[in-house]
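Descriptive structure summary
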Amino acid sequence: MLPKVANHLLHHTSRAVAAVHNQTGHTIRNVLQLQSSSSPSSGNLGGWNGASSSHSGWSGNGTNSGGAKNHSGSRFHSTYTGAGRAVTQAEPSSFNDSTDGYADDWEEARSPLVTHRSPRRRKSVSFGTKDRGGESLGVLKTVQSHRSRQPFSEHVVGDRLTSSLVSQRNDHAYHRPSHSTSYARYNSTAVSRATGPEYLDLSPPLSPAPSLITYHATGRHTGLPLTPPEDPLDDSASDQEAFAALKAARSSGNASSVLHEVQKLRAGGGLASASLYNAALQALADVRNPGESLQTILQTYSEMIARSILPNFRTYTILIHALTTRDHELHRAFWNSNDYMAKLPTPVELRALGSETHSSFDSAITLFQTACSIPKSKLPPQIYGNLLRSCAIHANVDAAIYVFAHLEKRSDVTPNAYHFRHLIDVYASVGDLNGAREVFAAFREACESERISWPTEDVAEEDAVPYTSLGAHAARLAVWNQMVETYIRCGQPTGAIGLLEQMLDSDAGEAFVSAGVPLPASSTFASIVVGFCRSGDVATALSWFDRLLKQDASPRHPYEATRIPTRPNQKAWTAILHTLAVEGMVEPLNRLFSHYLRVAVQDGLNVRGADRTAVLRANLRLLHSNSDLDPVVVTGLLDFVVDTVIHDDLAQMRFPSTAKDSSRTVFQDLTQSYLAHGCRERVMDIAERYVGFERSAIHDAEVCQTLDADEVLFKTKGLRNVVQALSLPFLEADMPVLTLDLALRFANLSHSVGIGPTATIAPYYLRAYSLSKSRKDSNVLTVGEWEMLVHAVIAAGALRPTSSQDTSSPRDDGSRITLESLLEDMAQSGVDVSGLAKYVRRRIVDTLLSRYDATVTEALLHPLGPPLVSLLQEILHETNSTATPSTDFASSQDIITPPPSSPTSYIHVDLYHSKFVDEYYPAHQQVSPIMAYNRFEAGMRNGVYPRPEVIARLIGALGRLGEKDKVRVLYDAAQMVLATLEHQKQRQSVGWFQVEDHMIIGLAHAGDIDGAHVHRLRIIDQGGSPSADAYGALIHLVKDTTDDTSNAMALFEESQMRGVMPNIYLYNTIISKLAKARKADHALELFQQMKSRLIWPTSVTYGAVIAACCRVGDAHSAEHLFEEMLNQRNFKPRVPPYNTMMQLYTHTKPDRDRVLHYYDALRAANVKPTAHTYKLLLDAYGCIQPVDLPAMEKVFDHLTAGSKPIVQSTHWAALINAWGCVQKDLDKALSIFNSVATHPSTRLSGAAFPDAVIFEALINVLVTLRRPDLIPLYAQRLSSYHIHMTAYIANLLIRGYASAGDIERARDVFEGLVDPPEGMAALHNHAPHDNEPRGLTHVPEGAPVYREPSTWEAMVRAELGNGNRDRAVALLERAQARKFPPAVYNRISGIMLDDSVSPWPLSDAASSPDA
């Protein structure tokens, strides 16, 4: 049953609604299920408005007792009776009283309102002083009658405020200037830099402060504080320039730009003006984010004082606004981050916890005093409102009286509802109901007299939807709501009943009228709940709240009028949840929170993180303080916390569990509690969710660069420590039995944060595996899970107990599991060991070789298939110093510290850091090698390094990205790490080899072939050999020479002479080089060799040997190999083999049906065609007889269709070639060429067409059709397009001019080219391939055009065709001097044997640029 007060109040509500609805029966009484009783009249409420009306002094000229004589100009007396007096006497420092109350999240917004001045207002109709035509308001004077002290006479106030400031840690002295001269200085000049800024740097609030609405004479709304007009600047150009820069930076909203300009100002040696410093202060205030300290602002002000620059009124306005805003933020931050598990803090505790907010408040009041002393100072109304808000926060009545008194003295502004509301709150904070009632009475009389400012826009409130039309309504109702709450907080709920009755009985309409009583709103009913919560009457608050929950109407805008109660709004929910949490009333708290989640979306509520935190900690507090709870109850509460309270807000788990023990997080608390009650699987679920959440958060922050590498490293280590701390408690728990599934899940979880199976942990995994085997569980393990068991069995083997040791240890439960038995199990399970990571396979082989000879090892590995056997053979072929041992995955004690005398004693090589850096390897979707390098650098700055093999792998990875500078840094760091291994020669030697070997790989891929060979020779000089991967990289990157194949074969033969066992990469690279050189026999020989060594070819291998056969026209072998490739178990379709076969039957052995056969096979394999695929289709339709032009045009239309056409220059060239060379239609070919530049697809793709490839195709048409007369025209157009000529275009020009008999012009073209350096291939002549980026390197038009061997051939043919054999011989002599490879030279010189040679092929058959 509702308490008497609530029953009475709600009953009156039902009566009012019944009257409005003509007794329709749909009354609040029925809705709230209350018993009907006679409605008490307002006269029976105990004189709730008491003396307020008789003592308001609203129209009187006299003063109350002690008023005028003690404080002229203010209607407050300095002493008062009641609760407030007790507080004042208890806290003699008038500006340091603490607040009692909850965060502003429970209140309506405290933003100042926009002034709307009544047209009937006259200057004489204002507050307070006798110079206003004898009229005065009695708000302060009436309350003043209760007081006897006089703390705010001008000199006393100044002394007390100064004393107060000196007692604070801020040490800021705000000095009142002398205005006898405009250049007068302050008495003191500095702010202590040692102590001033630091005390302001508290934790930022968890939610932003509400936006501020300011006053303007026009009634317009702005989010910025109202300040006086900007000061006039000095005429100096430097001031004007600095001011413009500050204004631009402020307008951009970029804090870094503003800070840069302010630093420039502070660093300048000249005499700056106050106006310039004001601009700097305002800019800093504008770009400061909520929650940030005022350090920079106060430092800038200190600099201003130190430079003897006199602050002015605008300076004080900016500072007061910043300080009061910061004060409000700190107040909110304190309550939002409060534990909620203990009672509200005492004033002493609050002072200790919120020293900054007191300092901000004291400083603001002192500045206010100083500003008030400036003649004709006119503070904006918002400043008064902000100061009164801070007075309420600090429960400081004296300061509030002083602020309001100054406001009353002014004739140019009128107090607004914002001021009254906070003044009422000030008295409520000290329990002075009489003072609050006097202020409220004055507010009502001001409304009646229309001597109050009203907003034209809505009061801002968190989570509220703005309603512009409710601005004035909301402002007035906020004051009434505050008074309702104040009555209840001060122990007089009957007064609240009286106010609510008046509001329910109000006849107010939709149109706003200043006088009268407003209708209640959802915020009014919420204020009642808040009032009971803050007064400690939780039972009544809960009863009210439960009744409101049963209402049908959803909560509206907080200030939208309604006589019918709605369901609780955000303010009421926040109040009740946090109050129940504070009181430890967990049962109703959990019930209401579950309901809160259900109705949040429907009722437009925001379930905040602070709400979840309050409920979470209340439940944990219950569990901690009641050890005798039934286990079922405990697990139920834990499940509720995890599934309902935390749910997806996993960030809650990282916070401290309780304020008393900040070392334990919520995650640790929950997991320990679950384990204590045997819920191991539940712990696993929570751990996987939480660790996954944290890893994602760290990674996202790393990618977005919101955390630097050092912070990422710190957070990653912290997460690793969390998992490590959970390991033994999770694995050692006896009940229930640790299943293999849970063991492997935990192993994978540990691995995800860089923790491998250690000698301590591994036996638990093996124990679970052994138990699963004995039970014959049907577990199908993944490759990754087998890998984890391999690591575990190797790690546990290091500390396997002997027969004489105690066998009761958990380790012995898995002692039957050995590496040998595990390998047998893997073979019986049909595990494909090729899927194991390479380093895992290597570790298996190395471990077996450490126990057995090669014969036994091979016998053990044979059942698992060729991959491990071939790896064994590879290891056996390695020389003594080149063997690469496996990473010791298990050792957690891997900190290597050299002897104290070593110069590298500060270097620590850490296993976990190694795993953290190595996370990108072998392939990680989220961690890149660049991120790994950043992690490496962060560790290096702290003297922590990864293992040598990790540095080596990173060198190779960054080399592939072309990061040569980073490669050098890593190499230097590796030398320091290797130096720490001076007393571990074997590890040092192996580490040195790995680093040098990966330098070969990295530098080769980075294009530094010479540097790569330096490291190759270093290894050879030490008696070792580079690895197969290193030789593969050198061979793969052998290019830009005139004889790539010879150099590649020399490297391969060197590797074989040195006993290097080729791997798949080395075979693929050398076979590809042989294929390009048309050495099919040698390529096929190596192909058969690798298969005999049980190295299974990949799709890349097959693509290379198929290409070799196709280049020599061996279609039969190519088709056989293609079919063999398709039948391989490891076959992964790739586009090159399909393109190669299509090209074979397009250009070498024209057969359109076979071309389309392989194209269809490509599509059936779900392989995406490339640009070259489509080029081959165009040639197949356009060049192979019978020509199918419609089909060719259809393919071309596909390439040019859509908003993102994929057409490339090779496609245009194929089209021109088909119409010109094949169809002999010059006009059509020219038409196509001329349309390229303006074609829609060209505009959409943004390509720079036509390019060299398209020009080459057209010139080829002109030569083929023997139209040399047109060649000069298009050669000139080539130049006009600023296109760099290629050697292949030059070849065609030579051929064309020679065919027309113009041999001199052909010679000019040839001699206009240059030779590349001896032994190097010509540059800039080839279009990029399908897998190469286009357009990244622009070749300037004037760059040299290098001759190709085909250019020499074309010129020799030209001379012979024109009967100039002697000149041809001379060209051959020049070519021979170039030292071309024999095969190249023989091809050129072979032309001399053909007496019928002509400068062009005898056949005019169709040709293709790719033929």
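The notes below deal with the structure included here. Everything numeric in this text was worked out from a predicted model, so none of it was measured. As a convention, each chain's residues are numbered from 1 in the sequence order in which they are written. Only residues with pLDDT of at least 70 are given local features in this predicted model, and only at 80 or more are side-chain atom pairs given and counted; all residues enter the totals for whole chains, interfaces and linings. Just so you know, side-chain values use all the structure's heavy atoms and leave hydrogens and water out.

1. Examining the overall build of the protein chain
- In terms of regular secondary structure, the protein chain is built from 61 helices and two strands.
- The contact criterion used is simple: two residues touch if any of their non-hydrogen atoms lie within 4.5 Å. Counting only contacts in the protein chain whose residues sit at least 6 apart along the sequence, the fraction spanning at least 24 positions is 74%.
- Every accessible area reported is derived by Shrake-Rupley at a probe size of 1.4 Å, with residue values counting cover from the shown protein chains alone. Element-wise, carbon and sulfur atoms account for 52% of the exposed surface of the protein chain, whose accessible area totals about 58,700 Å². Helix numbers and strand numbers start at the N terminus; a helix is a DSSP run of H or I with at least 4 residues, a strand a run of E with at least 2.

2. Section: the state of the cysteines
- Here, a disulfide means two cysteine sulfur atoms that sit within 2.5 Å of each other. Within the structure shown, the criterion is met by zero disulfides.
- The thiol of cysteine 1109 is not disulfide-bonded; the next cysteine sulfur, from cysteine 1110, is found 6.9 Å away.

3. Regarding the packing of aromatic side chains
- The pairing test for Phe, Tyr and Trp rings, Trp by its six-membered ring, is centres within 6.5 Å, and the orientation test on the planes gives stacked under 30 degrees, edge-to-face over 60, and tilted for anything in between. All told, the structure shown has 26 aromatic pairs when counted by the stated rule.
- With a centroid separation of 6.4 Å and an interplanar angle of 75°, the aromatic rings of phenylalanine 443 and tryptophan 454 are classed as edge-to-face. Of this pair, phenylalanine 443 sits in helix H17 (residues 433-449) while tryptophan 454 sits in the loop between H17 and helix H18 (471-489), placing them 11 residues apart in sequence. Each member of the pair, phenylalanine 443 as well as tryptophan 454, is classed as buried.
- When the centroid spacing of 5.7 Å and the interplanar angle of 85° are considered together, the rings of phenylalanine 1233 and tyrosine 1274 count as edge-to-face. Taken together, the positions of phenylalanine 1233 in helix H53 (residues 1226-1235) and tyrosine 1274 in helix H56 (residues 1271-1280) put the pair 41 residues apart, joining distant regions of the chain.
- Grouping aromatic residues by their ring pairs yields a cluster made of Phe404, Phe420, Phe440, Phe443, Trp454 and Trp480.
- Any Lys NZ or Arg CZ that is within 6 Å of a ring centre and within 35 degrees of that ring's normal is treated as a charge sitting over the ring. The side chain of arginine 680 reaches across the aromatic face of phenylalanine 730, ending 5.8 Å from its centre.
- Above the face of the tyrosine 921 ring, arginine 953 is positioned so that its terminal group lies 4.8 Å from the ring centre. Residue exposure (1.4 Å probe, protein chains only): buried if accessible area is under 20% of the type maximum, exposed if over 50%, otherwise partly exposed.

4. Focus: helix H14 (residues 381-393)
- To estimate the expected span of a helix, subtract one from its residue number and multiply by 1.5 Å. Helix length check: H14 (13 residues) gives 19 Å between terminal C-alpha atoms against 18 Å at 1.5 Å per residue, within 8%.
- Where burial is concerned, most of H14 is hidden: 13 out of the 13 residues are buried.
- Alanine 395 occupies a position one or two residues after H14 and carries a positive phi of about 50°.

5. A few points about the nonpolar core
- Nonpolar cores were defined as sets of buried Ala, Val, Leu, Ile, Met, Phe, Trp, Tyr and Cys residues, with membership established by side-chain atoms within 4.5 Å. In terms of nonpolar packing, the biggest core is built from 211 residues, with Phe443, Trp573, Ile576, Phe730 and Met826 touching the most fellow members.
- Excluding residues that lie within four positions of it along the chain, tryptophan 573 makes contacts with Phe545, Leu549, Pro568, Leu592, His595, Tyr596, Val599 and Leu605.
- Listed in part, the 153 residues of the second largest apolar core include Val1105, Ala1290, Val1309 and Ile1388.

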